[in-house]
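Spelled out, the chains give:
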Amino acid sequence: MTEARASNDLWGGRYAEGPSAIMREINASIGFDRKMWRQDISGSLAHAKMLAHVGIISTEDEAAIRAGLAGIAQEIEEGRFPFSEALEDIHMNIEARLTERIGEAGKRLHTGRSRNDQVALDVRLWVRDAIDGLDAQIAAVMRELVARAAEHAGTVMPGFTHLQPAQPTTFGHHLLAYVEMLSRDRGRLADCRKRLNESPLGAAALCGTGFPIDRHMTAAALGFDGPTRNSLDSVASRDFAAEFLFACAMCATHLSRFAEEIVIWTNPYFGFIKLSDAFTTGSSIMPQKRNPDAAELVRGKTGRVIGSLVGLLTVMKGLALTYFKDMQEDKEGIFDAAESLALGLAAIGGMVRDMKPQVARLAEAAGAGFSTATDLADWLVRELRFPFRDAHHVTGRLVALAEGKGVDLAGLTLAEMQSVEPRITDGVFGVLTVQASVASRTSFGGTAPANVARMAAEWQERLG
């Protein structure tokens, strides 16, 4: 067998029928757009009711369509629906089955609409439902974070910049930072939902229809704020989907940052938290290992979500108005991104509940790396009226002195400090502990335990 023949057997066998098999495979979307069956049926029910209301179809036909679609919904729910690749997509599959079930009335359903506005409608409905589900999940994760933040409002830990010890903070304050991020994610999804909440149904193929349809009626029936105002834009645009994917990508990025911290914190060299077997795995060869695989997978799936955003923008960037088959490529990315984010939220929420902060280790690490150096500089400014830059310079000399002696700043004697700056008094030792450092950060949004407890209480009230 030649190399070319072997390659064809491996990769091209499924297209042995020739161009028709290739076309069927590349054209069909039923393998993935069947996820929108609920939205497709909802849109058809609203459309049929409107057609009967304005007299385009009879009330008897509308009743038959309603009953037929209810039966189809039951078939799909029970796994009995005969999905067909030959019928290309969910819209044609449902319409063909409806005609099988109720006859002539089923053929009248498509009056005054096109698959172009139908798919635009279904995708909007699906994304809207996905936003509602993700919003509830994000709120649930925020509640978990807030609960742990309230529990650890006074638990000191190191704060980092450049992943180097910077200043002491509290574990509760750290968790509330992610609450703020997730709150903005909810806001982005809410904004996206508001902008997409216009109905394209009735835009038909691209120019509207000559039938006396009532687009405001179908928009209201489907929970939209109103119909879209330009038929070309209605079928040509997927910016709502790109906006949704950006919101998902941003939220996934926030989850990924937290997942990365979990990976770092569970490393024995840090030892800041412990996770149970519920969110870790062992090694096939190293029995001592406890790998934070759930966190790593949350981090990894972020790439898929970002990829979906980039993929859709790339599909849309070169399309003239209005509809092109390229736009069929919007759905898989949307579905995958929403599902990946939902799984990531579930995993992060579970790990927040599961993790056990190692309070003693966190306190020990909080004082490492001369983390109270800024407090010393602030003391020089406050008590000795130093310009801050001068205080910064003196503090740097004291850090170098302590480092040379192998002690922290509090380990220096008063005489040693006065050898650098004679005006220093023993009052300086009151600001050199990590507890004093965090307690002093009382500015709004600061890390003081009282601030953290108050902010956690505010979030608990807001989240209900």
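Remember, it's a predicted structure, so these values are computed and weren't measured experimentally. (Residues numbered from 1 in each chain as written. Predicted model: local features only at pLDDT ≥ 70, side-chain atom pairs only at ≥ 80, totals over all residues. Heavy atoms only, no water.)

Draft legend 1. Local environment of empty space enclosed by the protein. One pass over the structure, following the stated rule, counts 3 cavities of 30 Å³ or more. There is about 50 Å³ of room inside the largest cavity. If you trace the largest cavity, you find it lined by Ala-252, Leu-255, Val-298, Lys-301, Thr-302, Val-305, Ser-340, Leu-341 and Gly-344. Every element with two or more residues in the lining of the largest cavity is listed here: α12 (239-266), α13 (293-316) and α14 (330-354). (1 Å grid on protein atoms, 1.4 Å probe; cavity = no way out; pocket = protein on both sides within 12 Å on 5 of 7 lines; lining within 4 Å. Points joined across faces, edges and corners; volume = space filled by probe spheres on them. Helix = DSSP H or I, 4+ residues; strand = E, 2+ residues; numbered from the N terminus.)

Draft legend 2. Fine view of the layout of surface pockets. Looking at the largest pocket, its volume works out to about 750 Å³. As for the largest pocket, its lining consists of 33 residues, of which Thr-169, His-173, His-174, Leu-176 and Ala-177 are closest to the centre. Mapped onto the lining of the largest pocket, the elements with two or more residues apiece are β1 (156-161), β2 (164-170), α9 (171-196), α12 and α20 (449-463). Ranked by residue count, the leading element in the lining of the largest pocket is α9, at 7 residues. When grouped by side-chain class, the residues that make up the lining of the largest pocket number 13 nonpolar, 13 polar and 7 charged. (Nonpolar A, V, L, I, M, F, W, Y, C, P; charged D, E, K, R; others polar.)

Draft legend 3. Broad picture of the domain arrangement of the protein. Partitioning the protein into domains gives domain 1 (21-111), domain 2 (116-191 + 233-364) and domain 3 (369-432). Once you take the C-alpha centre of each, domain 2 and domain 3 turn out to be 41 Å apart. In this assembly, 4 residues from domain 2 lie in contact with 4 residues from domain 3. Of the roughly 310 Å² buried between domain 2 and domain 3 on both sides combined, carbon and sulfur atoms contribute 56%. When residues of domain 2 are sorted by the area they lose upon contact with domain 3, Pro-165, Gln-167 and Pro-168 head the list and together hold 85% of the total. The interface formed by domain 2 and domain 3 holds 0 salt bridges in total. Summed over the shared surface of domain 2 and domain 3, the number is 1 residue pair in polar contact (both at pLDDT 80 or more). Along the lines of polarity and charge, the residues of the side of domain 2 that touches domain 3 split into 3 nonpolar, 1 polar and no charged. (Domains from an automatic or database assignment. Contact = heavy atoms within 4.5 Å. Buried area = accessible area lost by both parts, 1.4 Å probe. Salt bridge = Lys/Arg side-chain N within 4 Å of Asp/Glu carboxyl O. Polar contact = N/O pair within 3.5 Å; in protein donor to acceptor, adjacent residues only side chain to side chain.)

Draft legend 4. Just the side chain of Asp-375, in detail. Within the secondary structure, Asp-375 is located in helix α16 (residues 373-384). At a separation of 2.8 Å, a polar atom in the side chain of Asp-375 contacts the side chain of Ser-437. Setting aside chain neighbours within four positions, we find Asp-375 in contact with Val-431, Ser-437, Ser-440 and Arg-441.

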